[in-house]
Every structure is written in structure tokens, then in C-alpha cells.
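What follows is the residue order along each chain.
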Amino acid sequence: MKIRNLRLLPLLGLTSLISLNAAAVTVEHKPTDQIIIKFDNANVEGNSQARTLSTRLNKKLAFVRKTSQGSYVFRLPSRENFSSVKAYLKVLKTISGIKYAEADQMMFAINDLAVPPTEGIVGTKKPIYDLQWHYFEPVGGMNADGAWNQLDSSDSVVNVAVLDTGITAHPDLDANVIGGTDMITAQSISNDGDGRDADPSDPGDWVSRGECYLGSKASNSSWHGTHVSGTISAFTNNSAGVAGVGYNKINIVPVRILGKCGGYTSDIADAIVWAATGEDNPNKAQVINMSIGGAGSCNATYQQAIDTAVAAGTTIVVAAGNSDDDAGNYTPASCNNVISVASTNRAGGRAYYSNYGDVVDLAAPGGETSTGARNGVLSTLNEGTTVPAAPTYAYYQGTSMAAPHVAAVAGLLYVKKPSVTPTEVKTILTSTARAFPDSCVQCGSGILDAGAAIAALDGSVTPTEPAAPSNFTAIAGAGTVTLNWSDQSTNETGFYIEKRRKFSNQWGTYRSVVRAAADSTSYQDSVFGGTYQYRIRSQNSTGDSAWVVSGQVSVSRN
């Protein structure tokens, strides 16, 4: 029996909450009190090393534990600013027998907290699915029904691990949750009275002012993992609540890595390995979703864990970040072997907060509640401001909300083809993404298209390199050069344009000008006086066309 039509879901006490994001910020490393060290000798004695290193640093270190990747975690007496920690790392890197030393950086859920609603409670006669525009609207949605039409009731069920704040009980989610674990080591952030255990329940992550570091803000519990999990696999077609992209073909494996004040890199790296390969994990994940992030480019601890999971056949989807900045400045968005996801708004353009850049692979709906709460992503949540209370539903915005759309579709690819590889998943998702209907520069190959992705897996779409543009001309103006070309391809995701300038009869090197949108046929470049030459090629995730070079053009000074 084919699953084709989703029944409209009647509203059951939906509360409208709004999540607001801060404006663009400078990349900032938060204070930490832990350091990760990899020794040449894989079996050193941790406490002995702590005493030796304490002498070298003139700072007391305490041995915490050995990670699943063979590194050692040491704790400082208190949290210190990143500049101070860097000074310790500089000393440690000079010590013989140490392969590398890294800050055990704090990672955070990538969205801000819910605040009281501005639009009130939605009327009880309004079907909730009608409010999940991010699934079905042709402009800003991700064509979830196009994927659902290709599912069969006999399809297998797969596991998606959500590495986040844990999960709360919710009647629209419980049936699709299986197993899980709590990987938080430090009781100072776990907020559940102990360290690691088999209980992934989210006790709440509320904090008081100054609790995390000097000047840190107070905040209520976010229930971030519950919201992310609902997008992936809320129970669907049950005449209640919201729908999940997974349409009951995905089990959520909740892995708790974030508590009060965030989570340590060392715990998160271990969680990645556990979710994919853990000997005590009977529910190994085909896909891992990480809607988390922190400052700095990908470090060795993260990359080793990611590579281990991918080698085991697990696809890893991560949020690009909410800092309106180059995602290459953030982790895990900048790591290799991940699918990095930017966020689009209801108009299909880049959400104002979304990170961007060369490391971004594609975009998905993440919402933009600054234009109204209902322009956010609607999913499962909890009403508690500190500890868990009644289950509810809420609108959030963020790349945290975009990533689970992609993770769920990745999961459906495994549903239809259990042998699919992480490389194939990434290629299919990026090559079938549709063109942006609104501006989204450096947001990857396009907006997630769930229906096209599943069709491509069946061979209905064969990704190919785009054809090169033709008739490329450069026309001089007053301080400008107007470029025109003919689009000869139907599957490009953009055009990459470079230029070079002639100095004293010698051409300089080509430098990037712009990545023009798919289907565009012109661009105006602002230049100083001089002689220039341009080149253009079309691009998609499969590859690039050949370069097409313009004639040289001379521009007079304004």
C-alpha cells in the first residue's frame, strides 16, 4: 500500500511561541575549563601526566578521562577566557610526546530561546499541518509530500541520532523514539545529578545570569532537542499534532550532549562515535543530526570522530550557524565529511541570521520569525521554563531548524536504499536541490527538494555536470563592466565569475568576482579604471563546466 495523502491534523492546544535570533556577531570563543591532549603513546597514565603537565604550565590540571578516540581530557581549576587557554596550548605543543593539544571548547544549540507569543493561541479549528509551510509551500518549502508519495508501507525503518539537549516526553513524538544515551560527563552542566548514563531525558538547561561565565545571560530551558526531533520524526498521519518529515519511517535516537551552559567538544566527539559504532548501542544511526555549533574551524578531535562515523556508513548533517557570517569560522559546520545546512525564509531567500560560505552544501527552511511567528518552523516542544512541564508545539527559527529537514530526507534515502553511502547521500541531496527563488548567496547548491532526492535515488534523475555558458561578453561603462551570457544548462546551481587586470602589459591572476544565481544571464561589476578580462563557468554539486573567457575590456576612470 502506498502512503500518498497526509490527513489534515486538527489543532490540540497549540501554543504559538517565537524564537528570535541575535544580529551578526564577531566569532567568539566562550570560556572553557578543559583541554584535550593526544599523546604519541596511546596508553599514558592520566593522573601522572596531569601532575607533570601542571608543573610545566604552572597551573593545576586534573585528569578527567580518556576519549573514545584515544585522547585525554584534563580540567583546569576554573573556566578561563580562550586567550588564556591558547597560551597553555602553546606551551603544551612544545612538549615532547604530545601530538596535539586543543581547547575542549563549549558548543551550543544553534537557536535562541522561546519568548511569549505575539500572535496569541491559534484557533482550534485550524489544521496544524496547514501551518507547516516549510514542508509543502512551493516557494519556501522542501517538497515533503513529493517524498511521501514515493514511500511504501513495507519500507524499512531507520535510525537518526539527534545529538542535542536530550528529549522530553511528548505524545506526538514518543512512539518514534528509541534507545538513546546521556554523554555529558561533567555534573556541573548535566543538571540531572550525575554524569554519563543511559537516560537521554532533557531535565532543562535554564541558567541564571553569570552562571556560565562572567556576564553570561540568564535564560529559560530551550527544549531544543525536542523541537529538532519533532521535525525529523513527529508521529505523522495520526489526526493529532504536527507532522514529521520522516513519516513514521524514522526512529529518533536521542543523544544528550548539551546541558546548562552548553556541552564539551570531547563529549560531543564521543557521542558521534557512539551513535554510529557504539558497542553498547543497539540502535546504531544511519544519520546523525547536529544542530549545534561553536567558534573556530574544525579541530582534530571533531574531525576524527566524524571520519570514524562516516567510515561506518553514517551520514552527518550539521547546522551552518546563526551568526550571519562565514560558516568556515564555526564548528562543526567547517568540518569535512559533513553536510552543512544554511537556512532559508518563507520567500526562499537566505534567512537574515544564517551563516553562508564555501563550506555550506545546501539550504533548507529554517524560518524567519522577525516577520511573524508563523513564518518560523513549527514543531514539538515543552511548556516548562525550567524543568519539564506539559508538552506543546512552538515556532522556532534557525539553522538548527533547517538541518533536521535535511537529516530526515537523508534518513528517507536510507529507508529506500539501505546500502546507500554517505557520499551518495550528499551528492543526491545537493544535486537535486532546487534553485533559490530569492537571494541566497553562498548558501550551497539550492533549497532541499525531498521529492527530487528520493526520485534521484531510484535513478529517475542522473546528476551530470552543467553545460558551459555561451556568448560571454564584457561591455565597458563608467566605472563598470556589464557581463552578459547565454545559459546553456538546465541543472546549474550558479555561475562562478572571475576577473584579472592588466598591469604594465602583464596580466595579473584571476580573482573571484561573484557567484551569480542559477538561470541568471547578466551581472554588472564595479571597477577602477584599467584593462580587464573575465571568465565564467557554470557549477553544480557534480562538477564545473569549462571556463568561457571574455575579450579584454578597457574602462576609463570616473
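Preceding this section is the structure that the text describes.
The following paragraphs examine the structure supplied in this document. (Residues numbered from 1 in each chain as written. Predicted model: local features only at pLDDT ≥ 70, side-chain atom pairs only at ≥ 80, totals over all residues. Heavy atoms only, no water.)

## A look at the environment of Ala161
Next up, step 1: Of note, Ala161 is situated in strand 8 (residues 158-164).
Next up, step 2: For Ala161 and Ala407, which are 246 residues apart along the polypeptide, the C-alpha to C-alpha distance reads 9.5 Å.
Next up, step 3: Discounting chain neighbours no more than four positions away, the residues touching Ala161 are Val253, Val255, Ala275, Ala285, Val287, Ile288 and Asn289. (Helix = DSSP H or I, 4+ residues; strand = E, 2+ residues; numbered from the N terminus. Contact = heavy atoms within 4.5 Å.)

## Some thoughts on the sheet that holds strand 13 (residues 292-295)
Next up, step 1: Pairing is antiparallel across the open sheet formed by four strands, whose spatial order is 11-6-13-15. A strand with exactly one partner marks an edge of an open sheet, and here the two such strands are strand 11 (263-264) and strand 15 (330-331).
Next up, step 2: Pairing geometry for strand 6 (residues 106-109) and strand 13, over two bridges, is antiparallel. Its bridge partner being in strand 13, Phe108 is matched across the sheet by Gly293. (Pairing = 2+ DSSP bridges.)

## Here's the deal with helix 7 (residues 265-277)
Next up, step 1: Over its 13 residues, helix 7 runs 18 Å from end to end, which matches the ideal 18 Å to within 8%, given 1.5 Å per residue.
Next up, step 2: Across the 13 residues that make up helix 7, a large majority, twelve, are buried.
Next up, step 3: Of all the residues in helix 7, the buried ones are Thr265, Ser266, Asp267, Ile268, Ala269, Asp270, Ala271, Ile272, Val273, Trp274, Ala275 and Ala276. (Expected span 1.5 Å × (residues − 1). Buried < 20%, exposed > 50% of the residue type's maximum accessible area, 1.4 Å probe, protein only.)

## Here's the deal with the sheet that holds strand 4 (residues 72-80)
Think of a sheet as strands paired side by side through backbone hydrogen bonds, with each pair either parallel or antiparallel.
Next up, step 1: In spatial order, the strands read 3-4-2-5; together these four strands make up an open sheet with antiparallel pairing. Two strands in the sheet have a free side with no partner beyond their single neighbour: strand 3 (62-66) and strand 5 (98-103). Each neighbouring strand pair of the sheet contributes to a mean axis angle of 30°, computed without reference to strand direction.
Next up, step 2: Of the strand pairs in this sheet, strand 2 (residues 32-39) and strand 5 are connected by five bridges, and their pairing is antiparallel. By the bridge assignment for strand 5, Lys38 is matched with Tyr100.
Next up, step 3: Docked against the sheet, helix 8 (residues 300-311) engages strand 2 and strand 5, running at close to 105° with respect to strand 5. (Axes fitted to C-alpha atoms, helices over the stretch in contact; angles between N-to-C directions.)

## Side note on unusual backbone geometry
Next up, step 1: Across the junction of Thr331 and Pro332, the peptide omega takes the value 5°, indicating a cis bond.
Next up, step 2: The residue Pro332 is located in the loop between strand 15 and strand 16 (339-344) in this model.
Next up, step 3: Of note, Asp324 is a non-glycine position whose phi angle comes to about 50°, a positive value.
Next up, step 4: With respect to the helices, strands and loops of the structure, Asp324 is situated in the loop between strand 14 (315-319) and strand 15.
Next up, step 5: The exposure class of Asp324 is partly exposed, given its relative accessible area of 26%.

## Brief notes about the pattern of salt bridges
Next up, step 1: According to the stated counting rule, one finds 15 salt bridges in the structure shown.
Next up, step 2: Here Lys260 makes a salt bridge to Glu211, at a shortest N to O gap of 3.3 Å. Taken together, the positions of Lys260 in the loop between strand 10 (250-256) and strand 11 and Glu211 in the loop between helix 5 (187-190) and helix 6 (224-233) put the pair 49 residues apart, joining distant regions of the chain.
Next up, step 3: Residue classification places Lys260 among the buried positions, given a relative accessible area of 8%.
Next up, step 4: Overall, the relative accessible area of 36% leaves Glu211 in the partly exposed class. (Salt bridge = Lys/Arg side-chain N within 4 Å of Asp/Glu carboxyl O.)

## Notes on the state of the cysteines
Next up, step 1: Going through the model one piece at a time under the given rule, you end up with three disulfides.
Next up, step 2: Sulfur-sulfur distance for the disulfide between Cys212 and Cys261 comes to 2.1 Å. Handedness here is read from the sign of the S-S torsion; for Cys212 and Cys261, about -90°, the answer is left-handed. Taken together, the residues span a long stretch of sequence, with Cys212 in the loop between helix 5 and helix 6 and Cys261 in the loop between strand 10 and strand 11 at a distance of 49 residues. Exposure class is identical for Cys212 and Cys261. Each is buried.
Next up, step 3: Bridging Cys440 to Cys443, the disulfide has an S-S length of 2.1 Å. Where Cys440 bonds to Cys443 through sulfur, the torsion about that S-S bond is close to -90°, and the disulfide is left-handed. (Disulfide = S-S within 2.5 Å.)

## Notes on the packing of helix 6 against helix 9 (residues 399-416)
A pair of packed helices can be characterised by two numbers: the angle between their axes and the separation between those axes.
Next up, step 1: Look at helix 6 against helix 9: their axes get within 8 Å of each other, and the N-to-C directions meet at 35°. When you trace helix 6 past helix 9, the crossing you get is right-handed. Counting all contacts with helix 6, which are made through His224, His227, Val228, Thr231 and Ile232, the residues of helix 9 involved are Ser400, Met401, Pro404, His405, Ala407 and Ala408.
Next up, step 2: Split by residue class, the contact of helix 6 with helix 9 holds six nonpolar, five polar and no charged. (Left-handed = near helix turned anticlockwise from the far one by under 90°. Nonpolar A, V, L, I, M, F, W, Y, C, P; charged D, E, K, R; others polar.)

## Description of the packing of helix 7 against helix 8
Next up, step 1: Remark: helix 7 packs on helix 8, axes separated minimally by 8 Å, with the N-to-C direction vectors making an angle of 5°. By the criterion of interaxial angle, the relationship of helix 7 to helix 8 is roughly parallel. Here helix 7 contributes Thr265, Ile268, Ala269, Ile272, Val273, Ala276 and Thr277 to the contact with helix 8, which in turn contributes Thr301, Tyr302, Ala305, Ile306, Thr308 and Ala309. (Parallel < 35°, antiparallel > 145°, perpendicular 65-115°, else oblique.)

## Regarding the side chain of Gln132
Next up, step 1: Summarising the element assignment, Gln132 is placed in the loop between strand 7 (114-115) and helix 3 (133-136).
Next up, step 2: The class for Gln132 is buried, based on a relative accessible area of 0%.
Next up, step 3: Within the structure, the side chain of Gln132 is placed 2.9 Å from the backbone nitrogen of Ala243, a separation counted as a polar contact.
Next up, step 4: The residues contacting Gln132, other than those within four sequence positions of it, are Val242, Ala243 and Leu378. (Polar contact = N/O pair within 3.5 Å; in protein donor to acceptor, adjacent residues only side chain to side chain.)

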